[in-house]
Amino acid sequence: MIQRQLYPFFVLGLVTFAALCGQAQEAPRPALLELPLSARLAGSAESMGAPLSATLGDVLAQPALLDTTHEGQLHLGYMDYFSGTAQAAALYARRPKDRQWMWHTGLRNFGFGSFTARDPAGIETGRFTASDVAWVSGAAIPLDSNLTLGTSLWLGQSTLADRRSNFSQLDLGLSYFRADRQFRLAALWRPWGGMTNVNGGGTSGRFDSDLQLSMSKGFDNAPFVLMASYDNLETWDIAPEGLYDDTIDPLTGDTLPSGTWAFGDRLLRHLALGAELNLGSGLKFRFGYHHRRRQELRLNNAPGTAGFAWGLDFTLRRFQLAIARNTYHTAGASTHFAIRTRLTDR
């Protein structure tokens, strides 16, 4: 029987679903659903979509990674973003008695900080806040010894002062894992989701469908794992319009070629690449590169480390910790911290 405290989330989901059935226009996903959902994923520049050894925090981004090793675990995560914005997440996993499948549930909040409110004349009238908050729950079931199917449902609300919008999203994941070959291939599909305005001038519409493939490969007698993710499979050209067009010199009238290999750049904009080094004694270091982020957010005269990320895992008694630094542009980077532990015996 569904516990009473979960009724509001199911009511919110039904209301959002009913509203989205009549929506034809598209709406952008809330930042809470777009930014890296775990410290390990952020530290790999989002290339770690199919880790060989998954932790509970990885399930936030790929539900098919949930397995029996996560039973009774609690994951807590925090991200310091830009200019006072931050997010926090909590996730718990459990396996029903005498069942093969696992379930997870948790909360995630993204706060944008506090702002000064002014009237049309510019007179200060007080302060207001903005935030996204969402509940997530899902399950995973092994189809055979190598293949696992998982799903997650997100139900949340975006708030800006007195304006509110409800949103929901369904994630479907599939994981193929071969321990003997140190190989994992995972697919994540977000086929349904959207946002409906409750009051004020918020946005209503459906989210774009998104399909992503990820893989990891380890090697015998080598202390590292290679990782790669390919996103937006449903759309080949995700570069800004006109990026590869030749230009005309306004003084001479000569044609100036763009100098960019269009096919190669289009391909790389879908890719995130990374590697993880096992340093022993539970210590792991990872780094990654996100090509599209670097191309879109770097400064031409000072690109810096935009698009690069690094992370570290280590164990402290019964706690496993992860930290990461993900550089978006010259203005700064996001800092991630996560801790996980087991609350109950398996």
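Model, not experiment: these values are computed from the prediction. (Residues numbered from 1 in each chain as written. Predicted model: local features only at pLDDT ≥ 70, side-chain atom pairs only at ≥ 80, totals over all residues. Heavy atoms only, no water.)

Peer 1: I'm lost on the overall build of the protein in this one. Help?
Peer 2: The helix and strand inventory of the protein stands at five helices and 17 strands. Over its C-alpha trace the protein gives a radius of gyration of 22 Å, about what one expects of a compact globule, namely 20 Å for 346 residues. Along the first, second and third principal axes, the C-alpha set of the protein runs to 75 × 55 × 40 Å. Per-residue burial over the protein gives 41% buried out of 346 residues. Charge centroids of the protein, computed over 32 positive and 31 negative side chains, lie 10 Å from each other. (Helix = DSSP H or I, 4+ residues; strand = E, 2+ residues; numbered from the N terminus. Rg over C-alpha atoms; globule rule 2.2 N^0.38 Å. Buried < 20%, exposed > 50% of the residue type's maximum accessible area, 1.4 Å probe, protein only. Lys, Arg positive; Asp, Glu negative; His and termini not counted. Charge placed at Lys NZ, Arg CZ, Asp CG, Glu CD.)

Peer 1: Just to check I follow, could you spell out unusual backbone geometry for this structure?
Peer 2: Across the chain, the bulk of peptide bonds are trans and the bulk of non-glycine residues have phi less than zero. Although it is not a glycine, Gln182 sits at a positive phi angle of roughly 50 degrees. On the secondary structure map, Gln182 appears in the loop between β6 (163-178) and β7 (183-199). Residue Ser281 is not a glycine yet carries a positive backbone phi of 55 degrees. You can see Ser281 is positioned in the loop between β13 (271-280) and β14 (283-290).

Peer 1: Looking at this structure, I do not really get the pattern of salt bridges. What am I missing?
Peer 2: A side chain of one charge can pair with a side chain of the opposite charge if their charged atoms are brought near each other. Summed over all chains, the structure comprises 13 salt bridges. Between Arg190 and Asp210 there is a salt bridge, and its shortest N-O distance comes to 3.1 Å. Linking Arg190 in strand β7 with Asp210 in strand β9 (residues 210-218), this pair joins segments that are 20 residues apart in sequence. We note that Arg190, like Asp210, is buried. Here the salt bridges do not stand alone but share partners, grouping Arg40, Asp58, Glu276, Arg286 and Asp313 into one network. (Salt bridge = Lys/Arg side-chain N within 4 Å of Asp/Glu carboxyl O.)

Peer 1: Sorry, what's going on with the confidence of the model for the protein here?
Peer 2: Averaged over all residues, the pLDDT of the protein equals 86, while 91% of them reach at least 70. Per-element averaging of pLDDT across the protein places helix α1 (residues 7-20) at the bottom with 49 and strand β10 (residues 224-230) at the top with 96. Contacts from residues 1-12, a stretch scored under 50 in pLDDT, to residues over four places away or in other chains number 11 contacts. (pLDDT = per-residue confidence, 0-100. Contact = heavy atoms within 4.5 Å.)

Peer 1: Sorry, what's going on with the environment of Trp135 here?
Peer 2: Checked against the element boundaries, Trp135 lands in strand β4 (residues 124-142). Classification of Trp135 as buried rests on a relative accessible area of 6%. Note: C-alpha distance between Trp135 and Ala333 (198 residues apart in sequence) is 26 Å. Only 3.0 Å separates the side chain of Trp135 from the side chain of Thr105, close enough to count as a polar contact. (Polar contact = N/O pair within 3.5 Å; in protein donor to acceptor, adjacent residues only side chain to side chain.)

Peer 1: I tried to follow a nonpolar patch on the surface on my own but got confused; where do I start?
Peer 2: On the surface, a cluster of nonpolar side chains totalling about 410 Å² of accessible area is made up of Trp101, Ile141, Leu143, Leu149 and Leu174. One can find Leu143 in the loop between β4 and β5 (147-160). (Patch = residues over 30% accessible without salt bridge, like charges linked within 9 Å, V, L, I, M, F, W, Y side chains within 5 Å. Areas by Shrake-Rupley, 256 points an atom, 1.4 Å probe, with all protein chains shown as cover.)

Peer 1: What is the right way to look at the pairing of β6 in this model?
Peer 2: Within a regular beta strand, the side chains point alternately toward one face of the sheet and then the other, so they alternate between its two faces. As paired elements, β5 and β6 share 14 bridges and run antiparallel to each other. For Ser152, the partnering residue across the bridge sits in β6 and is Asp171. Linking β5 back to β6 in an antiparallel pair, the connection comprises two residues, with Ala161 at a positive phi of about 55 degrees. Where β6 and β7 come together, 14 bridges link them in antiparallel fashion. The residue of β7 that forms the bridge with Asn166 is Thr196. (Pairing = 2+ DSSP bridges.)

Peer 1: How should the packing of aromatic side chains be read in this particular structure?
Peer 2: Applying the stated criterion to the full structure yields 10 aromatic pairs. Measuring from centroid to centroid gives 5.6 Å for Trp236 and Phe263, while their planes differ by 40 degrees, and the two rings are tilted. Pair noted here: Trp236 is in the loop between β10 and β11 (247-248) and Phe263 is in helix α4 (residues 262-268), with a separation of 27 residues, a long-range link. Taking the relative accessible area as the measure of exposure, Trp236 reaches 37% and is therefore partly exposed. Looking at Phe263, the relative accessible area reads 47%, which means it is partly exposed. A centroid spacing of 4.9 Å and a plane angle of 40 degrees characterise the contact between Tyr289 and Phe308, whose relative ring orientation is tilted. On the criterion of sequence distance, the pair formed by Tyr289 in strand β14 and Phe308 in strand β15 (residues 308-316) is long-range, its members being 19 residues apart. Exposure remark for Phe308: the relative accessible area of 38% places this residue in the partly exposed category. Three or more aromatic residues link up through ring pairs in this structure, and these residues are Tyr81, Phe110, Phe112 and Tyr328. The side chain of Arg184 reaches across the aromatic face of Phe177, ending 4.3 Å from its centre. Positioned above the aromatic ring of Phe219 is the side chain of Lys217, whose terminal nitrogen or guanidinium carbon lies 4.9 Å from the ring centre. (Phe/Tyr/Trp six-rings, centres within 6.5 Å; stacked < 30°, edge-to-face > 60°. Lys NZ or Arg CZ within 6 Å of the ring centre and 35° of its normal.)

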